[in-house]
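An overview of the molecular structure
Each chain is listed here by its residues.
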Amino acid sequence: MRPHILVVDDDEKIIALLRRSLAFEGYEISVASNGGEGLKLMLTSDPDLLILDVMMPQVDGWEVCRRVREGGSSVPILMLTAKDDITDRVKGLDLGADDYLVKPFALEELLARVRALLRRKSDKIEESTSRLQYEDLTLDLDSREAIRSGRRIDLTAKEFDLLQLFMQNPRRVLTRDSIMDKIWGYDYSGESNVLEVYIAMIRQKTEDGTDKRLIQTVRGTGYVMRGEGG
């Protein structure tokens, strides 16, 4: 799956440049023109990297960065600013930003920093991928066991692979086509409702009547791993 980058900037020229350049590099791009919209997209799209302008009206980049970190997200944050001031750089880093780039910037440098931040995130993920956790559901990739609230869940190989895909992409809406491609492959020629059948079986096995549903249906699109109301 392509890395997903969220760009939050009120400068239309910057947004157009980054949308075009990052897409050309193979990244999936979402954009927001103000901090409030950016915070909403953070909740619904769960990006792999946040490129965040500092100077925006209403909710500025400092506030967005602060709320993202207070919300528990460890998404890498690259802040953009027109001020080449050490005080501003220190403030951004203290709020939880990972890197800082002054406008106007060379596109090649921004792309290099994007690659470095995504690589750093990938390294951290690889260090902890033997066990996936979402709320009270745990997936052990070494033993291929699933446990919820201390209860061991027996899964078939395909059910495990499907659940693993969701847990590696929490709060990200996965389209039906992308799921079919990842789990069954484009050349799959079996029953057309196979995905719906497997989703139903996973729900039956992971929900004992009191557990809240974690795999939600997004009508007309696909599915997302997200607690009800989350």
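All of these numbers come straight from a predicted model, not from anything done at the bench. (Residues numbered from 1 in each chain as written. Predicted model: local features only at pLDDT ≥ 70, side-chain atom pairs only at ≥ 80, totals over all residues. Heavy atoms only, no water.)

**So, the overall build of the chain**
Applied cut-off: Under the DSSP-based scheme used, a helix requires at least four consecutive residues in state H or I and a strand at least two consecutive residues in state E, with every element numbered from the N terminus. For every accessible area listed, the method is Shrake-Rupley and the probe measures 1.4 Å; residues are considered covered only by the protein chains on display.
If you tally the helices and strands in the chain, you get 8 helices and 12 strands. For the chain, the spread of C-alpha atoms along the three principal axes comes to 55 × 40 × 30 Å. When the accessible area of the chain is evaluated, it comes to approximately 12400 Å², of which 48% is carbon and sulfur surface.

**Examining the pattern of salt bridges**
The test is simple: A pair is scored as a salt bridge if a Lys or Arg side-chain nitrogen falls within 4 Å of a carboxyl oxygen belonging to Asp or Glu. We call a residue buried when its accessible area falls under 20% of the maximum for its residue type, exposed when it is over 50%, and partly exposed in between, using a 1.4 Å probe and counting protein chains only.
Counted by the stated rule, this structure contains 20 salt bridges. Notably, a salt bridge pairs Arg213 with Glu207, separated by 3.0 Å at the nearest N-O pair. Glu207 sits in the buried class, given a relative accessible area of 18%. Via salt bridges that share partners, Glu63, Arg66, Arg67 and Glu70 belong to a single interconnected network.

**Regarding the pairing of strand 7 (residues 137-140)**
Here is the key point about a regular strand: its side chains alternate between the two faces of the sheet. We count it as follows: Note on pairing: DSSP must find at least two bridges between two strands before they are called paired.
Residues of strand 7 alternate between two faces, with Leu137 and Leu139 on one and Thr138 and Asp140 on the opposite face, all of them buried. Relative to strand 7, strand 6 (residues 131-134) runs antiparallel, the two sharing 4 bridges. Of the residues in strand 7, the one forming a bridge with Gln133 is Thr138. Bridge count for strand 7 against strand 8 (residues 145-148) is 4 bridges, and the pairing is antiparallel.

**Remarks on the nonpolar core**
Threshold: The term nonpolar core refers to a set of buried residues drawn from Ala, Val, Leu, Ile, Met, Phe, Trp, Tyr and Cys, joined through side-chain atoms within 4.5 Å. By the convention used here, residues are in contact when the closest approach between their heavy atoms is within 4.5 Å.
Ranked by internal contacts, the top residues of the largest apolar core, which has 26 residues, are Leu162, Phe166, Ile179 and Met225. The set of elements that each furnish at least two residues to this core consists of strand 6, strand 7, helix 6 (157-167), helix 7 (176-183), helix 8 (194-206) and strand 12 (222-225). It is helix 6 that contributes the most residues to this core, 6 residues altogether. Beyond its immediate stretch of four places on either side in the chain, Ile179 contacts Leu162, Leu165, Phe166, Leu174, Trp184, Leu195 and Tyr223.

**What to know about empty space enclosed by the protein**
Let me state the cut-off plainly: For cavity detection a 1 Å grid was placed over the protein atoms alone, and a set of points counts as a cavity when a 1.4 Å probe fits there but cannot get out; an open set counts as a pocket when protein lies on both sides within 12 Å along at least five of seven lines, with lining residues being those that have an atom within 4 Å of a point. Grid points are joined across faces, edges and corners, and a volume is the space filled by probe spheres set on the points. In this classification, the charged set is Asp, Glu, Lys and Arg, the nonpolar set is Ala, Val, Leu, Ile, Met, Phe, Trp, Tyr, Cys and Pro, and all remaining amino acids, among them Gly, are polar.
On inspection of all chains with the given rule, the structure shows 1 cavity of 30 Å³ or more. The biggest single contributor to the lining of the largest cavity is helix 8, with 3 residues. Classifying every residue of the lining of the largest cavity gives 6 nonpolar, 1 polar and 3 charged.

**Regarding the environment of Val75**
Mapped onto the elements of the fold, Val75 is located in the loop between helix 3 (61-70) and strand 4 (77-81). According to the relative accessible area criterion, Val75 is buried, its value standing at 5%. Each C-alpha atom, one on Val75 and one on Asp181, is 26 Å from the other, the two residues being 106 residues apart in sequence. Sequence-distant contacts of Val75, that is, excluding residues within four places in its chain, are made with Met42, Pro47, Asp48, Leu49, Leu50, Val68, Arg69 and Asp98.

**Focus: the sheet that holds strand 12**
Paired through their backbone hydrogen bonds, the strands of a sheet run either parallel or antiparallel. Read across the sheet, 3 strands follow the order 10-12-11 without closing on themselves; strand pairing throughout is antiparallel. What marks the edges here is a single partner per strand, and that holds for strand 10 (174-175) and strand 11 (215-218). Bridging between strand 10 and strand 12 involves 2 bridges; their strand directions are antiparallel. Note on strand 12: the bridge partner recorded for Thr175 is Gly222.

**Details of the domain arrangement of the chain**
Counted only if it meets this: An automatic or database domain assignment supplies the residue ranges for each domain.
According to the domain assignment, the chain consists of domain 1 (4-123) and domain 2 (131-225). Computed from C-alpha coordinates alone, the two centres of domain 1 and domain 2 are separated by 31 Å.

**Quick notes on unusual backbone geometry**
A cis amide bond links Lys103 to the next residue, Pro104, at an omega of -10°. Assignment of secondary structure puts Pro104 in the loop between strand 5 (99-102) and helix 5 (107-127). The residue Asp46 is not glycine, and still its phi comes out positive at about 45°. Within the fold, Asp46 resides in the loop between helix 2 (35-45) and strand 3 (49-53). Owing to a relative accessible area of 18%, Asp46 belongs among the buried residues under this scheme. Phi is positive for Arg171, close to 65°, though the residue is something other than glycine. Along the chain, Arg171 falls in the loop between helix 6 and strand 10. A relative accessible area of 32% places Arg171 in the partly exposed class.

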